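# Breakdown of the fold
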Amino acid sequence: MKRLSKKTLLLAGAGHAHIGLLRRLSADRSKNNASNALIDTDIHLISEQPHTLYSGMLPGWMAGHYQLDDISIDTKSLCLRAGVRFIQQSITKITAASNTVDTSGNERFDYDVLSLNTGADTDLRGLSQADDYKGNDNRDDMSNDLRNEVIAIRPLSTFTIQWQQILDDARQSDQYRLAIVGAGAAATELVMAAQVALQQINGNHQVTLICGENLLSGFVPSFRQRVIKQLHRHGITMIEARATAYRDGQLSTSNDSFPVDAVIAATGVRGAAWTASTDLETVDNGFVAVNSQQQSVSHPNVFAVGDVATRVDQYVAHSGVHAVHGGAIEAGNLLAYLQGEALTEYQPRTRTLYLLSCGDKYAIGSWGRVSLQGRWVWYLKRQIDKRFVTSCAA
Ligand SMILES: Cc1cc2nc3c(=O)[nH]c(=O)nc-3n(C[C@H](O)[C@H](O)[C@H](O)COP(=O)(O)OP(=O)(O)OC[C@H]3O[C@@H](n4cnc5c(N)ncnc54)[C@H](O)[C@@H]3O)c2cc1C
């Protein structure tokens, strides 16, 4: 195997953490302020798409408040400005024993230090869709018949194509019925955005939320109540049962079965598909096990952050907030590791700001035990989100 004269830092995936690192490298480069750690280091980023869609703005795009460009980060250009080589491929295997990453293009890349930020897959395990259900492996198997496949919210790039097909189908229908399965904040945002979009096409169209019995279980009761009121305001039907199967346009739940034209799953995350082909230690069926410094517990030259990783020392939710904040610490640790310096721990804040959009220009916010709502909360969210995406283009 080729030995590298310079060190190689390989970044896999263009999630929140790597976007943050690229912004930092790009800013340093424009000020001629490169870190000493990087003088003898080549940096490569492997990601499946040249653009990264910003999930926080996806419901706003569905509801028609944004164009796709408004919610896209041009990862490839950001790499160019940061002095990072961009490789458009998917990683398929990591062999940490030999410091190599295999990709969908049948290439093998060596690394000295590897950073993983590939996110996770939608967890469809509770929702079988057909006799030949293939779980994670079905991501390239997009059929045109939405009456026989559950649409996973991830990968977002595939979802955006399928959402446009839903809108096309709804335009041809007198009474379109969409079901969204999930009980988290993302599911409630999606259902309200979808209802606003479908009602604009035809007032007979209807979106149903299948949420089981634990809607927004991680949030304070006042926040949960505010969200339920907004779901009612939009006339969204909530079914407190578990969706179990979808085939031939028929959605089965633990209580019932009824016809729908399409089903979207926002059912939480499971480990990324590639984690089935790695010797890195994983936990909970496919999340890379990391310590408080976001460092693999089995291979110290591998770091992982965001939804792809699970902390072994304490519970940290899989969320964009922790991908961003943990990512900033992880980025510093990559540079420190390259220089042989001490690593820093990521201490998640006990309170984080969560802003949940309600389809129209209205939003609910939560900060610890405090929750509030209004049009101004939506404008605040829009300002924060737009500032983030715009700053990636500067
Ligand atoms: C609709 C919606 C709204 C949400 N809103 C919020 C919110 O307001 N606040 C919040 O905290 N969280 C929110 N979340 C959750 C949040 O999106 C995720 O927790 C967050 O995106 C995880 O970030 P990440 O950096 O780990 O990876 P991701 O953002 O998932 O990015 C992963 C990247 O890796 C690339 N990739 C994936 N697989 C491979 C591969 N095999 N090879 C190469 N590249 C790969 C992808 O293309 C992508 O660029 C929302 C989720 C959804 C679905």
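Quantities reported herein were computed from a predicted structural model and do not represent experimental measurements.

## Here's the deal with the sheet that holds strand E16 (residues 250-253)
- Strands sit in the order E15-E16-E17 across an open sheet of 3 strands; the sheet is antiparallel. Of all strands in the sheet, those with a lone pairing partner are strand E15 (243-247) and strand E17 (257-259), marking the two edges. Taking the axes of each pair of neighbouring strands and ignoring which way they run, one obtains an average angle of 20 degrees across the sheet.

## A short note on the domain arrangement of the protein chain
- Structurally, the protein chain comprises domain 1 (7-120 + 271-339) and domain 2 (124-268).
- Averaged C-alpha coordinates put domain 1 and domain 2 at centres separated by 29 Å.
- Listed as interface residues are 14 residues of domain 1 and, on the opposing side, 19 residues of domain 2.
- At the boundary of domain 1 with domain 2, total buried surface from both sides reaches about 1,400 Å², with 66% on carbon and sulfur atoms.
- If one sorts the elements of the side of domain 1 that touches domain 2 by residue count, helix H2 (residues 58-62) sits on top with 4 residues.
- Considered class by class, the residues forming the side of domain 1 that touches domain 2 number 9 nonpolar, 4 polar and 1 charged.

## Some words on helix H3 (residues 75-82)
- Within the span of H3, buried status applies to Thr75, Leu78, Cys79 and Ala82. Looking down the long axis of H3, one finds its buried residues gathered within 105 degrees of arc, a one-sided arrangement.
- Buried positions along H3 lie against helix H1 (16-30), strand E2 (41-47), strand E3 (51-53), strand E4 (72-74) and strand E5 (85-88).
- Two residues or fewer past H3, Gly83 is found with a positive phi of approximately 75 degrees.

## A look at the packing of H1 against helix H7 (residues 320-339)
- Orientation of H1 relative to H7, taken along the N-to-C sense of each, is 50 degrees, at an axis distance of 7 Å. Judged by the inter-axis angle, H1 sits oblique to H7. For H1 against H7, the interelement crossing comes out right-handed. Packed against H1, whose contacting residues are His16, Ala17, Leu21 and Arg24, the element H7 presents Gly320, Ala323, Val324, Gly327, Ala328, Ala331, Gly332, Leu334 and Leu335 at the interface.
- Here the residues of the contact of H1 with H7 are counted per class, giving 8 nonpolar, 4 polar and 1 charged.

## With respect to the site of the ligand
- The ligand sits among 28 residues. The nearest are His16, Ser55, Ile91, Arg154 and Asp307.
- The side chain of Ser55 places a nitrogen or oxygen atom 2.6 Å from an oxygen atom of the ligand.
- In this structure, an oxygen atom belonging to the ligand sits 2.8 Å away from a side-chain N or O atom of Arg154.
- Contact with the protein chains covers 88% of the free accessible surface of the ligand, which is 1,000 Å².
- For the shell around the ligand, the secondary structure elements donating two or more residues are E2, helix H5 (185-201) and H7.
- For the shell around the ligand, a count of residues per class yields 10 nonpolar, 14 polar and 4 charged.

Calculation notes
Residues numbered from 1 in each chain as written. Predicted model: local features only at pLDDT ≥ 70, side-chain atom pairs only at ≥ 80, totals over all residues. Heavy atoms only, no water. Pairing = 2+ DSSP bridges. Helix = DSSP H or I, 4+ residues; strand = E, 2+ residues; numbered from the N terminus. Axes fitted to C-alpha atoms, helices over the stretch in contact; angles between N-to-C directions. Domains from an automatic or database assignment. Contact = heavy atoms within 4.5 Å. Buried area = accessible area lost by both parts, 1.4 Å probe. Nonpolar A, V, L, I, M, F, W, Y, C, P; charged D, E, K, R; others polar. Buried < 20%, exposed > 50% of the residue type's maximum accessible area, 1.4 Å probe, protein only. Arc of directions from axis to C-beta. Parallel < 35°, antiparallel > 145°, perpendicular 65-115°, else oblique. Left-handed = near helix turned anticlockwise from the far one by under 90°. Near = heavy atom within 4 Å. Polar contact = N/O pair within 3.5 Å; in protein donor to acceptor, adjacent residues only side chain to side chain. Areas by Shrake-Rupley, 256 points an atom, 1.4 Å probe, with all protein chains shown as cover.

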